[in-house]
Amino acid sequence: MNIADDSPYCRLDTTRFSPEPALFFVFGASGDLASRKIFPALYDLYLEKQLPVGLLMIGAARREYSTEQFREIMRTSCMAHSRHKAEALHDEAWHDFSQRIFYLRNDVEDTGSYATIRKLVVERDRSVLAGLGPGAELPENTLYYLAVTPEFFPVIAENLGRSGCGSDASSQGWRRLVVEKPYGKDQQSAARLTESLHRWFEERDIYRIDHYLGKEAVQNLLHFRFANTIFEPVWNRNYIDRIEITVVEQEGIGTRGGYYDGFGAARDMLQNHLTQLLCLTVMEPPASLSPEHIRDEKVKVLRAIPEYSKEQILARARRGQYMAGTDAQGRAVPDYRAEHKVRPDSATETYASLTLSVENWRFSDVPITLRTGKALAEKYSEIVLYFKRPPSALFAALCGDRLATNSLTVRIQPDEGIWLSFNAKVPGEPAIRSNSLRFSYREVTDYFPEAYERLILDALSGDSTLFIRADESELAWKVIDRLEAAWASVESGSNPEEGGLLRYSAGTSLKALRHQIEESPRLEGIS
Ligand SMILES: NC(=O)c1ccc[n+]([C@@H]2O[C@H](COP(=O)([O-])OP(=O)(O)OC[C@H]3O[C@@H](n4cnc5c(N)ncnc54)[C@H](OP(=O)(O)O)[C@@H]3O)[C@@H](O)[C@H]2O)c1
């Protein structure tokens, strides 16, 4: 990190949590996530000298690979997806790293295939890892990363548990389970999943991933809010007029039709990433930086979201679906309904917005809009806090609506940073204009670890701050379940203001789409 000057610098407690060596199992090792994200993140951590010495990585899937073949495949993936383009080509580094990678053939539904895992994890039989150097120690800890489709989450947990490989108090070392998204499809299924995982793993050993929480600019929300004195006093209903949280993408759904068509934007994005951003933006200061204190505060936010009636939620929500169009690079985007594995009459939304409030002392009545969409002209994620207008006197009296309100933008990606807009005199003119103070992370550092690097290190350290607790997940689903039920009760062909689905052309700008879909009279004065 380039610390540009001698400004005060405080390294936060690093002794409380530190990553420990483990047997790092990746179920679904031949899949997309493992090859594009997990192994490249592990490799980047290795190159940064952050991976615990002694960590052994074990890829597991049904495909017939030898360990040598799997290493070669991972080499290609890591070279393509590592952040370290130059060093990544370093043969020596790769050779050393790859000697810690092994492959086990495993069908997660076949209970017999867990005997090998047991042999390694419980009986500590080194012969399972053919080629493990004689000097290499078998770590006592075990981490299972479930990079498989969600129907296998309970299956793997159960089979591990029945083989004695779960998080059993009598085991030496810890045994943790990292679970990918989606975590359930509604509140009931999330609760069922939790119940089945809890049979074999303690809640403290379950790490539910929301990779948004691993992003630097998202982690910074707590630092920014609670390490400064100047923002917190205005961070409430007395000063803030409204909050908008936006995550928009230029890409359509690509090859994910099979999954996406059964989910849609609300379940895929609002329930997790946007709700997490909401919690971090409005939560109260936690009693300490301990994971449980932070997660307790997030849960309080979720509990303070009102249980809206169907009518209220329809007035507060909008949904859209992209039609054929052209993306920002001028390439043709097919109609959503013509995408691979999407039903030709699908009413699944690819755009969703929901304006809600958090009815606690700090934020009561402040409208908070969460919005996300695919196949739009822009790609960015940000949180904007709009402050109230100044009193109608002096400049505000003269300018009316032409006097911009102050806003604070937390840009999550791209160009991570924070900017504060304020009004100032235009030099040489009797005029006033909005300007901004901008902080861009890229100007102070070029070190930007991938979200998966942070999350892997934290899971190896036992720091669950950036992972979703079971109650958080369920409460977030509760909000989305109401939204889904309201939409399901309305014909998709109805007027968008009454809950219908607005079809928009791929490549539409968010501004144009909002104009069409959001800024309707029903959103004014919603109750
Ligand atoms: N890809 C992403 O960018 C991304 C992003 C966020 C979350 N996720 C989540 O991550 C998980 C994995 O996604 P993915 O895109 O990597 O899926 P994927 O490419 O379809 O990979 C699935 C993996 O599961 C293995 N598998 C399937 N059936 C199996 C069985 N019966 N026994 C053992 N292994 C089996 C497959 O390997 P074999 O066929 O060789 O067995 C493959 O390695 C999903 O929950 C997804 O929602 C993915």
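Residues numbered from 1 in each chain as written. Predicted model: local features only at pLDDT ≥ 70, side-chain atom pairs only at ≥ 80, totals over all residues. Heavy atoms only, no water.

- An unreviewed UniProt entry lists the protein under the name Glucose-6-phosphate 1-dehydrogenase, with uncultured spirochete given as the organism.
- Taken verbatim from the UniProt record of the protein, the Sequence similarities (unreviewed entry) comment is "Belongs to the glucose-6-phosphate dehydrogenase family." (UniProt positions renumbered as here; feature names shortened; annotations may be inferred.)

## A word on the overall build of the protein
- Check the secondary structure of the protein and you find 17 helices and 18 strands.
- On C-alpha atoms alone, the protein measures out to a radius of gyration of 25 Å, which is about the 24 Å that the 2.2 N^0.38 rule sets for 527 residues.
- Projected onto the principal axes, the alpha-carbon positions of the protein cover approximately 80 × 60 × 45 Å.
- The buried share among the 527 residues of the protein stands at 54%.
- Partitioning the intrachain contacts of the protein with sequence separation of at least 6 by distance along the chain shows that 76% fall at a separation of at least 24.
- If you sum the accessible surface of the protein, you get close to 24,000 Å²; carbon and sulfur atoms cover 51% of it.
- Charge centroids of the protein, computed over 64 positive and 75 negative side chains, lie 2 Å from each other. (Helix = DSSP H or I, 4+ residues; strand = E, 2+ residues; numbered from the N terminus. Rg over C-alpha atoms; globule rule 2.2 N^0.38 Å. Buried < 20%, exposed > 50% of the residue type's maximum accessible area, 1.4 Å probe, protein only. Contact = heavy atoms within 4.5 Å. Areas by Shrake-Rupley, 256 points an atom, 1.4 Å probe, with all protein chains shown as cover. Lys, Arg positive; Asp, Glu negative; His and termini not counted. Charge placed at Lys NZ, Arg CZ, Asp CG, Glu CD.)

## As for the nonpolar core
- Ranked by size, the top nonpolar core spans 150 residues in total, and within it Phe24, Phe27, Phe39 and Tyr144 carry the most contacts.
- With ten residues, the single largest contributor to this core is helix H10 (residues 264-282).
- When residues of this core are assigned to domains, at least three map to each of domain 1 (23-180) and domain 2 (213-238 + 249-381 + 451-523).
- Discounting residues that sit within four places of it in the chain, Tyr144 has contacts with Phe25, Phe27, Ile117, Val121, Leu160, Cys165, Arg175, Arg176, Leu177, Val178 and Phe201. (Core = buried A, V, L, I, M, F, W, Y, C linked by side-chain atoms within 4.5 Å. Domains from an automatic or database assignment.)

## Thoughts on the sheet that holds strand S2 (residues 56-61)
- Sheet architecture is open: seven strands sit in the order S3-S2-S1-S4-S5-S6-S17, paired in mixed fashion. The open sheet has two free edges, formed respectively by strand S3 (101-105) and strand S17 (467-468), since each of these has just one partner strand.
- For strand S4 (residues 142-146) and strand S5 (residues 175-179), the ladder comprises five bridges, and the chain directions are parallel. Paired with Thr142 across the strands is Arg175, a residue of S5. (Pairing = 2+ DSSP bridges.)

## Quick word on the environment of Phe363
- Tracing the backbone through its elements, the reader meets Phe363 in the loop between strand S11 (351-356) and strand S12 (368-373).
- Expressed as a C-alpha distance, the spacing of Phe363 and Asn236, which sit 127 residues apart in the sequence, is 5.6 Å.
- Residues within four places of Phe363 in sequence aside, it is in contact with Trp235, Asn236, Arg237, Ile240, Ile243, Val282 and Val358.

## Focus on the environment of Ala93
- Mapped onto the elements of the fold, Ala93 is located in helix H4 (residues 91-98).
- With a relative accessible area of 13%, Ala93 lands in the buried category.
- Distance from Ala93 to Tyr43, taken between C-alpha atoms, is 9.3 Å for residues 50 residues apart in sequence.
- Look past the residues within four positions of Ala93 in its chain and what remains in contact with it is Tyr43, Tyr46 and Leu47.

## Focus on the pairing of S2
- Within S2, six of the six residues are buried, which leaves it mostly tucked inside the rest of the structure.
- Along S2, one buried face is formed by Leu56, Ile58 and Ala60 and the opposite face, lined by Met57, Gly59 and Ala61, is buried too.
- Pairing of strand S1 (residues 23-27) with S2 involves five bridges; the strand directions are parallel. Within S2, the position partnered with Phe27 by the bridge is Ala60.
- Handedness of the crossover joining S1 and S2 through helix H1 (residues 32-47) is recorded here as right-handed. (Right-handed = clockwise from strand over helix to strand, strands pointing away.)

## Some thoughts on the site of the ligand
- Taken together, the neighbourhood of the ligand is formed by 22 residues, with Ser30, Asp32, Leu33, Arg36 and Arg63 sitting nearest.
- Gly31 places a polar main-chain atom, nitrogen or oxygen, 2.9 Å from an oxygen atom of the ligand.
- Note that a nitrogen atom of the ligand is positioned 2.7 Å from one of the side-chain N or O atoms of Asp32.
- Among the elements that take part in the shell around the ligand, H1 stands out by supplying three residues, more than any other. (Near = heavy atom within 4 Å. Polar contact = N/O pair within 3.5 Å; in protein donor to acceptor, adjacent residues only side chain to side chain.)

## Overview of the domain arrangement of the protein
- By domain assignment, the protein separates into domain 1 (23-180) and domain 2 (213-238 + 249-381 + 451-523).
- Computed from C-alpha coordinates alone, the two centres of domain 1 and domain 2 are separated by 32 Å.
- Every contact between the two is made by 18 residues of domain 1 and, on the other side, eight residues of domain 2.
- Buried area between domain 1 and domain 2, both sides added, is near 1,100 Å², and the carbon and sulfur share of it is 74%.
- The largest per-residue losses of area from domain 1 upon contact with domain 2 belong to Ala41, Leu45 and Arg176, which jointly make up 33% of the total buried on that side.
- Linking domain 1 with domain 2 are one salt bridge, by the criterion used here.
- Those elements that place two or more of their residues in the side of domain 1 that touches domain 2 are H1, S4 and S5. (Buried area = accessible area lost by both parts, 1.4 Å probe. Salt bridge = Lys/Arg side-chain N within 4 Å of Asp/Glu carboxyl O.)

## Topic: the sheet that holds strand S15 (residues 417-425)
- As summarised here, the arrangement of the nine strands in space is S16-S15-S14-S13-S7-S12-S11-S8-S18, forming an open sheet in which the pairing is mixed. The open sheet terminates on both sides in strands that have one partner only, identified here as strand S16 (432-440) and strand S18 (501-505). Ignoring strand direction, the axes of neighbouring strands in this sheet form an average angle of 20°.
- Of the strand pairs in this sheet, S11 and S12 are connected by six bridges, and their pairing is antiparallel. (Axes fitted to C-alpha atoms, helices over the stretch in contact; angles between N-to-C directions.)

## Considering the pattern of salt bridges
- With the rule as written, the count across this model stands at 40 salt bridges.
- Here Arg105 makes a salt bridge to Glu64, at a shortest N to O gap of 3.8 Å. Taken together, the positions of Arg105 in strand S3 and Glu64 in the loop between S2 and helix H2 (67-81) put the pair 41 residues apart, joining distant regions of the chain.
- Glu203 is the partner of Arg208 in a salt bridge, and the nearest nitrogen-oxygen pair spans 2.8 Å.
- The buried category is assigned to Arg208, whose relative accessible area is 2%.

## Considerations on H1
- With 16 residues, H1 extends 22 Å from end C-alpha to end C-alpha; this agrees with the ideal 22 Å at 1.5 Å per step.
- Along its length, H1 reaches its greatest deviation from straightness, about 25°, at Ile38, and the proline Pro40 lies no more than four positions downstream.
- The buried fraction of H1 amounts to twelve of the 16 residues, a majority that puts the element mostly inside the structure.
- Those residues of H1 that fall on the buried side of the exposure criterion are Ala34, Ser35, Ile38, Phe39, Pro40, Ala41, Leu42, Tyr43, Asp44, Leu45, Tyr46 and Leu47.
- Positive phi shows up at Lys49, right after H1, with a value of about 60°. (Expected span 1.5 Å × (residues − 1). Bend = angle between axes of the 7 residues up to and from the residue.)

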